[in-house]
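Below, each chain spelled out in residue letters.
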Amino acid sequence: MTTVRIVLISENHLVAAGLDPKEFLGRVSAWEQVTEARLVRGWTPGEIGPVPDGAVVVLAGRSAPLPWLEDRGCRQFPVDLAVRAAWLAGPAAEKTAVLIRAALAAAEKVPAFSRLTIQTFPRLLVAGVGRAAETTVRAADQAGLEVVWLGPENNGHGPGNVELRPGRRLAGAAGFAGRFQVLLTSDHGFEEIQVGAILVCGHEARTPLTPPGDLKALPLSVFEGELRGNPRPDWADKPDFQVAFIAGAGRSTSTDNMRRVLEAALAVAAGTKARACVFAAQVKVAESGLERLYTQARQAGVVFIRTPESGPVVESSGDGAFRLRVYDPLAGAELVLAPDLVVVEETLSPAIENGDLAAALGLTMGKDGYLSPDNILFLPASTNRRGIFALGPARGTEEPGAVAWEAAQAVAEARRIIGATEIEASPLEVDLGRCTLCLTCVRTCPHQALGFAHRPSADPVACRRCGLCAAECPMDALQLAPFTDPLVKARLEVLLGRPREKTAPPRLVVFGCRRSAAAALAAAPPPQAPVDLCFITLPCAGRIEDDLVWSAFLLGADGVLVAACHEDNCRTHRGSPEARRRLEHLRRLLEETGFPPERLGFTTTAPNLGVGFSRAIVEFNRRIGEMGPGPAAECEK
Amino acid sequence: MEFDVLVIGAGVAGLKAVAELAADGLFSLVVEKGLFPGGQASHLPCKATDNCARCNACLLEETMADLAGRDQHRVLYRTTLTGLEKTDRGLRAVLHTAPLYLDPDKCTGCGLCYEKCPARGRAIKKAPVSLYGPAYGLDPEGCRHFQDGDCRTCAEVCPAGAIDLAGRAKDWTAEVKAVVAACGFTPFDPAQKPRYGHDLFPDVISALELDLMLRVTGELKKPSNGLIPDRVAFIQCVGSRDKSLGRDYCSRICCGYALRLAALIKHRRPETLVSLFYMDLQNTGRDFDRYYRKLKGQVEFIHGVPGEITAGEEDGLAAPFFNESTGRRETRVFDLVVLSIGLGPPEAGLLEVLGLAADEDGFFRDRPEEGIFVAGAASGPKNVAESAGSAVEAAARAAAWVKKR
């Protein structure tokens, strides 16, 4: 079966580039790979005209694929002519032609894609107790989902479609998003359940601040219980009784804790005969209504005493009494207070079982011990593994508002995963002749998306198409469409195969992450000095491998730059550091062979960093220019 | 026109809501009063040093890239909601679209008009983000044609015929079932704090102006003479926690952004002296504590805010203040003073149109019984990630509301 290849060229782009559209169209139409070329004035179905289902379509002059073409199973190759041509050297007609030819060369190598039907498990598992778990269970129930809740002991049964199973712990999750086989343990043994998604809320692990010395202090939650309790605490009617609150000694108070401290202090000052004072380094009021509560507390007579960040100095007089000392700069003297009761706030800390839980569920932990990396691309509730969410105390969130957003996102996404039964097949191809079953890919996958049964395979739902496995495979047995080695090399061959003038600027190849570098290039102001840059989009910088860098040099690049996301701002989380590690290794290899390692650069950027990225490229261009022609040019000589 | 949900504002919250609604198969109509999508977040620079600083600014680009492939929504630019009527089928939105002049549907983004425009960026404007939405727009405020009717350069050079200088305003209605109000916030106008001399001294700028400078030029320079400042001050709580201005609340995000800007300045040019005047440093997010501790040795944190800014020696700006850590009056001289301005509620006019109530600080409250949900900073000061997060929730509630009907 021959593939239909249609090239759609934006007429306005040709005009803006000073080309004769008709003449250029004639040129493209004459290429043998092209079934048909058309000039278009817009990207609506009406403007474009009929396109056969399943055709390969090059969209010359557009940066993103067209959804309506995707629906027809067309493989699309958008080429942002204006952006890419601005960074290439040469006459406009040649640049435009070579960009379209590179897209066509890639189109030659792309496999047809297929869809498949899968069966998902309709239930959703919520693990945890406390506010976040309750919010999540409620949100899931309202969304009409069946819920299994590894929840509190004493709650009888949950609302609606919620099946409460207290006393169980998550011990493992096999399978992939939509089809998890979860292993639960309890005091009575093991059980296995099938769920579509897992929402880990954890529980609020709070540790009271430990005051120095042998200070007897009450944790805030205990004090709150005492305040609410019946009968009234006996100190409530003692006019001289003084309650001191210590907020945030040695650590920043959260706004949530500050609210509790303010409310408790206000309750003491306004509701009892006792007096209240608050020791705090910073009064945290960054939440709706807190500033007003702070004012109200002061008006009610609560005394606020500013401390250094380490908190007040505590002195014990041995007989159970103690004094709190703070230097007061305004008075120029030490302020000494001998309270009758000291209440300390309790800070949220990562639960001790987080490590085991992360290992059981295959989750990447944050450096701070929570169940997701501290990476903004994982907000509100995502983890590295699709279909598993961490929220509330499990990811270090306290504010009720934020917990509600996390629950909303987790439930919405879980619902979509469960509902998606018609999906695109995995784009990962395994060459069984090459695969030695070393399972490097399975270990490498940051998303736990690779399974193994006779051979490795990527789960189509769990796979995020980052290509780290393909880059890491020591046998080159894995290929991720449309970023396969042959496809990337075909692009490079066309782009670097252009004839070259003696006075031309150095020829650069930039391998850039689709998310950050490609967007940054589109936002970058065009260079003022001559630059000749071939940009190759990668799904994640972690897709870069030695082979691609060698190819670029061998095909005529004078310099190769790899552009990744900033660390901790990578969708794959591990992709950017992996790319950096691989390049550093490669640089050392280059150095050993006597090849100047400076020809291989690495930079980080972000989608909104057009100006900075433009500067980084221009600077790299200058450096390579100073080094003279690259290895391929040397060989030719 | 009939849609499932009307989304007010094409900022990060509005766009995130649209993406969520589209993922649930719902069609949204977005009304945006400006020329471009992106809202306030499109003015923010990436504040990464070697690592991501978690400033969240790029989440706007994330959201846009997500939406660029979807067509289950329509955005009307330069459009405002002027009325909302209850009907037996839901809600009828009354809309007013100011003349567009440049038709985004016809524009191919070639940029000829922008290049040739004699008003140099003041009339034909380039979108701050190119991933989504129109590439160019025409702002009649700075356009010569609307001053003397003479200049027609853009219309003449446009190869797509997308520019019609005789464009007319349009009034229309749309039938919707629910509303997501993502109308953002109003940055505090530093002119309301005249003692800081924002309108008097060119080198007293708001943090938003610094953000924009860094985003557009990538460089930090004194507006007065283009020189690199050696001494930079940040003043926190400008228009926040200020009862005399009727702003009796913390704007929540200013400490976070000021600290990140300070860190960026120190990272780029470590010899710059950066001071930060504060009342109380506020929590923002999971890594705030570590981040603050890392900065402590690099940035001078001064407890106390200056009462005013005056002309200081050698063209500097003098900031007299009461240092609450030492109990002394001091004066410092700076080359650049950045005012960390607070966030105010969106235009109150919309409250009436939507029939919403405001909270004590003027921020919008939901009206779930009518299918009106508030997302993003319109319901209270939020950073970019929080705005997007709250939009996910608002969209989920709007979707549930629509499906019930």
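Scroll up to find the structure.
Let me begin by describing the structure that accompanies this report. Counting from 1, residues in each chain are numbered in the order their sequence is written. Each chain gets a letter, beginning with A, and each ligand a number, beginning with 1, in the order they are written. Selection of residues for local features in this predicted model requires a pLDDT of at least 70, selection of side-chain atom pairs for listing and counting requires 80 or more, and totals for whole chains, interfaces and linings are taken over all residues. Side-chain measures were taken over the full set of non-hydrogen atoms in the model, leaving aside hydrogen atoms and water.

1. Concerning the overall build of chain B
Let me state the cut-off plainly: We count a stretch as a helix when DSSP gives it H or I for four or more residues in a row; a strand needs E for two or more, and each element gets its number in order from the N terminus. Computation of the radius of gyration draws on C-alpha atoms, with the globule rule given as 2.2 Å multiplied by the number of residues to the power 0.38. Residues are treated as being in contact if the distance between any of their heavy atoms lies within 4.5 Å. Residues scored as charged are limited to Lys and Arg (positive) and Asp and Glu (negative), so that His and the chain ends carry no count. Just so you know, the charge point we use is NZ for Lys, CZ for Arg, CG for Asp and CD for Glu.
Scanning chain B for helices and strands turns up 10 helices and 20 strands. Against the compact-globule benchmark of 22 Å for 405 residues, chain B has a radius of gyration of 23 Å, which places it among compact chains. Expressed along its principal axes, the backbone C-alpha trace of chain B runs to roughly 65 × 50 × 40 Å. For chain B, the share of sequence-separated contacts (at least 6 apart) that also reach a separation of at least 24 residues comes to 67%. Here chain B contributes 50 positively and 54 negatively charged side chains, and the mean placements of these two sets differ by 3 Å.

2. Section: the interface of chain A and chain B
Definition in use: Joining two parts hides part of their accessible area as seen by a 1.4 Å probe, and the buried area is that hidden amount summed over both. One side-chain nitrogen of Lys or Arg within 4 Å of one carboxyl oxygen of Asp or Glu is enough to make a salt bridge. Identification of polar contacts relies on pairs of N or O atoms within 3.5 Å, with a donor-acceptor requirement for protein atoms, meaning one able to donate a hydrogen and the other able to accept it, and with residues adjacent in sequence counted only if both atoms are side-chain atoms. When residues are grouped by polarity, Ala, Val, Leu, Ile, Met, Phe, Trp, Tyr, Cys and Pro land in nonpolar, Asp, Glu, Lys and Arg in charged, and all others, Gly among them, in polar.
Each partner contributes residues to the interface: chain A has 62 residues there, and chain B has 70 residues. In total, about 5,400 Å² of surface goes out of reach between chain A and chain B, with carbon and sulfur atoms giving 48% of it. Sorting the residues of chain A by area buried against chain B places A:Arg292, A:Trp405 and A:Asn608 first, and these three jointly supply 14% of that buried surface. Residue B:Lys296 is joined to A:Glu309 by a salt bridge in which the shortest nitrogen-to-oxygen separation is 2.6 Å. In this structure, the connection of chain A to chain B is made through 22 residue pairs in polar contact (both at pLDDT 80 or more). Those elements that place two or more of their residues in the side of chain A that touches chain B are helix H1 (11-16), helix H10 (290-299), helix H12 (400-419), helix H16 (517-523) and helix H19 (610-627) of chain A. No other element matches H12(A), which puts seven residues into the side of chain A that touches chain B. A per-class count over the side of chain A that touches chain B returns 27 nonpolar, 17 polar and 18 charged.

3. Details of the nonpolar core
One broad rule of soluble globular proteins: the nonpolar side chains tend to lie buried together. Stated precisely, the cut-off is as follows: Here, the term nonpolar core denotes a set of buried Ala, Val, Leu, Ile, Met, Phe, Trp, Tyr and Cys residues that are joined through side-chain atoms within 4.5 Å. Working definition: with a 1.4 Å probe on protein chains only, accessible area under 20% of the residue-type maximum means buried, over 50% means exposed, and in between means partly exposed.
If you look at the biggest cluster of nonpolar residues, it comprises 64 residues, and the most contacted ones within it are A:Val7, A:Ile9, A:Ile100, A:Val509, A:Phe511 and A:Val560. Here the element with the most residues in this core is helix H6 (residues 92-108) of chain A; it accounts for 10 residues. What A:Val560 contacts, discounting residues up to four positions off in sequence, is A:Val509, A:Phe511, A:Val549, A:Ala552, A:Phe553, A:Arg599, A:Leu600, A:Gly601 and A:Phe620. Of all hydrophobic cores here, the second largest spans 52 residues; its members include B:Leu210, B:Ile235, B:Ile253 and B:Leu276.

4. Comments concerning the sheet that holds strand S6 (residues 123-128) of chain A
Residues and elements named next belong to chain A. For clarity, the threshold we go by: Strands are labelled as partners when DSSP assigns at least two bridges between them. To obtain an axis, a line is fitted to C-alpha atoms, over the contacting stretch when the element is a helix, and the angle between two such axes runs from 0 to 180 degrees between their N-to-C directions.
If you walk across this open sheet you meet the five strands as S8-S7-S6-S12-S23, and the pairing is parallel. If you trace the sheet from one side to the other, it starts and ends with strand S8 (162-164) and strand S23 (388-390), each paired once. Neighbour-to-neighbour, the strand axes of the sheet open up by a mean angle of 20°, direction not taken into account. Both strand S12 (residues 197-202) and S23 contribute to a ladder of three bridges, which runs parallel. For Leu 199, the partnering residue across the bridge sits in S23 and is Phe 389. On the sheet, H12 packs against S6, S12 and S23 and is oriented at approximately 160° with respect to S12.

5. Let's talk about the side chain of A:Lys284
Structurally, A:Lys284 is set in the loop between strand S16 (275-280) and H10. A polar atom in the side chain of A:Lys284 sits 2.8 Å from the backbone oxygen of B:Leu281.

6. A closer look at the packing of aromatic side chains
All names here are of chain B. Selection criterion: In this analysis, rings of Phe, Tyr and Trp, with Trp reduced to its six-membered ring, are considered paired at centre separations within 6.5 Å, and the interplanar angle assigns stacked below 30 degrees, edge-to-face beyond 60, and tilted for intermediate values.
The final tally for this structure, using the stated rule, is 12 aromatic pairs over all chains. Between Phe 277 and Phe 334, the ring centres sit 5.9 Å apart and the planes meet at 85°, which makes this aromatic pair edge-to-face. On the criterion of sequence distance, the pair formed by Phe 277 in strand S13 (residues 273-278) and Phe 334 in strand S17 (residues 328-334) is long-range, its members being 57 residues apart. Here the two residues Phe 277 and Phe 334 agree in accessibility, since each one is buried.

7. Focus on unusual backbone geometry
Cis geometry is adopted by the peptide bond preceding A:Pro380, which originates at A:Leu379 and carries an omega value of -5°. Along the chain, the position of A:Pro380 falls in the loop between helix H11 (354-361) and S23. Note that the residue after A:Ala481, namely A:Pro482, is joined by a cis bond; omega there is -5°. Within the element layout of this structure, A:Pro482 appears in the loop between strand S28 (478-480) and helix H15 (485-496). A positive phi angle, close to 70°, is found at B:Arg252, a residue other than glycine. Among the residues examined, B:Arg252 registers a relative accessible area of 13% and is labelled buried. In this model, B:Asp315 sits at a positive phi of 65°, which is unusual for a non-glycine residue. Mapping B:Asp315 onto the fold places it in the loop between strand S15 (310-311) and strand S16 (317-323). Given the relative accessible area of 68%, B:Asp315 is considered exposed.

8. Some remarks on the pairing of strand S10 (residues 179-186) of chain A
All names here are of chain A. In terms of burial, S10 is largely enclosed, as six of its eight residues are buried. Pairing geometry for strand S9 (residues 169-176) and S10, over seven bridges, is antiparallel. Bridge pairing in S10 places Arg 169 opposite Thr 185. In the sheet, S10 pairs with strand S11 (residues 189-195) via seven bridges, with the strands oriented antiparallel. Pairing of Gln 181 across the sheet is with Gln 194, part of S11. As consecutive antiparallel partners, S10 and S11 are separated by two residues.

Keep in mind that these numbers describe shape and distance, not what the molecule does.
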